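# Coordinate inspection notes
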Amino acid sequence: MASPRFRLALLLVLLNFVLGWPVALLVGGIATWVGAKWLGLMWGLVIYGASWLLLGVGVLLGGREVVGHSRWLIRRWLEKRRGD
């Protein structure tokens, strides 16, 4: 069974993938739609930076094991998506 530290580190690394480009692009699109491009730029940068912070803290907490396990999970998820 995985330790709580490993689980937290894995969660942070996986949240990085969710918060990175997808949310930054979504915020940019919403800001463009509303007409406040500066807001999209500002919050897009903040969210993108926060995603890198999550990745860094996750890797520091979990080390090589978390990186390998997260790669395996993402590869498995992508293979399942292609198979459908």
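Now for a look at the structure at hand.

Basis of the calculations
Residues numbered from 1 in each chain as written. Predicted model: local features only at pLDDT ≥ 70, side-chain atom pairs only at ≥ 80, totals over all residues. Heavy atoms only, no water. Helix = DSSP H or I, 4+ residues; strand = E, 2+ residues; numbered from the N terminus. Rg over C-alpha atoms; globule rule 2.2 N^0.38 Å. Buried < 20%, exposed > 50% of the residue type's maximum accessible area, 1.4 Å probe, protein only. Contact = heavy atoms within 4.5 Å. Areas by Shrake-Rupley, 256 points an atom, 1.4 Å probe, with all protein chains shown as cover. Axes fitted to C-alpha atoms, helices over the stretch in contact; angles between N-to-C directions. Parallel < 35°, antiparallel > 145°, perpendicular 65-115°, else oblique. Left-handed = near helix turned anticlockwise from the far one by under 90°. Nonpolar A, V, L, I, M, F, W, Y, C, P; charged D, E, K, R; others polar. Expected span 1.5 Å × (residues − 1). Arc of directions from axis to C-beta. Core = buried A, V, L, I, M, F, W, Y, C linked by side-chain atoms within 4.5 Å.

In terms of regular secondary structure, the protein is built from three helices and zero strands. Going residue by residue from the N terminus, the α and β elements of the protein occur as α-α-α. Relative to the compact-globule value of 12 Å for 84 residues, the protein shows a C-alpha radius of gyration of 15 Å, a clear excess of over 25%. Viewed in the frame of its principal axes, the protein has a C-alpha envelope of about 50 × 35 × 15 Å. Taken over 84 residues, the protein has a buried fraction of 23%. Considering only contacts within the protein whose residues lie at least 6 apart along the sequence, 75% involve residues at least 24 apart. A total accessible area of about 6500 Å² is found for the protein, and carbon and sulfur atoms account for 71% of it.

With that settled, consider the packing of helix H1 (residues 4–19) against helix H3 (residues 37–83). It is the contact of H1 with H3, at a shortest axis distance of 6 Å, that shows an interaxial angle of 125°. Here H1 is positioned oblique relative to H3, judged by the angle of their axes. Both H1 and H3 take part in a crossing whose hand is left-handed. Looking at the contact of H1 with H3 residue by residue, the classes come out as 21 nonpolar, six polar and two charged.

The next point concerns the packing of H1 against helix H2 (residues 21–34). At their nearest, the axes of H1 and H2 sit 4 Å apart, and the two run at 30° to each other. Together, Phe17, Val18 and Leu19 of H1 and Trp21, Pro22, Val23 and Ala24 of H2 make up the contact between the two elements.

Given 3.6 residues per helical turn, the α-helix brings residues three or four places apart onto the same face. For H1, spanning 16 residues, the distance from its first C-alpha to its last is 22 Å, which sits close to the expected 22 Å at 1.5 Å a residue. Among the residues of H1, those classed as buried are Phe6, Ala9, Leu10, Leu12, Val13 and Asn16. All buried residues of H1 fall inside an arc of 155° around its axis, so they share one side. Those residues of H1 that are exposed and angled more than 90 degrees off the buried face are Pro4 and Val18. The inward-facing, buried residues of H1 abut H3.

Attention shifts here to the nonpolar core. If you look at the biggest cluster of nonpolar residues, it comprises five residues: Phe6, Ala9, Leu10, Val13 and Val66. When residues of this core are assigned to their parent elements, the largest contribution, four residues, is made by H1. What valine 13 contacts, discounting residues up to four positions off in sequence, is Leu55, Gly58, Val59, Val66 and Ser70.

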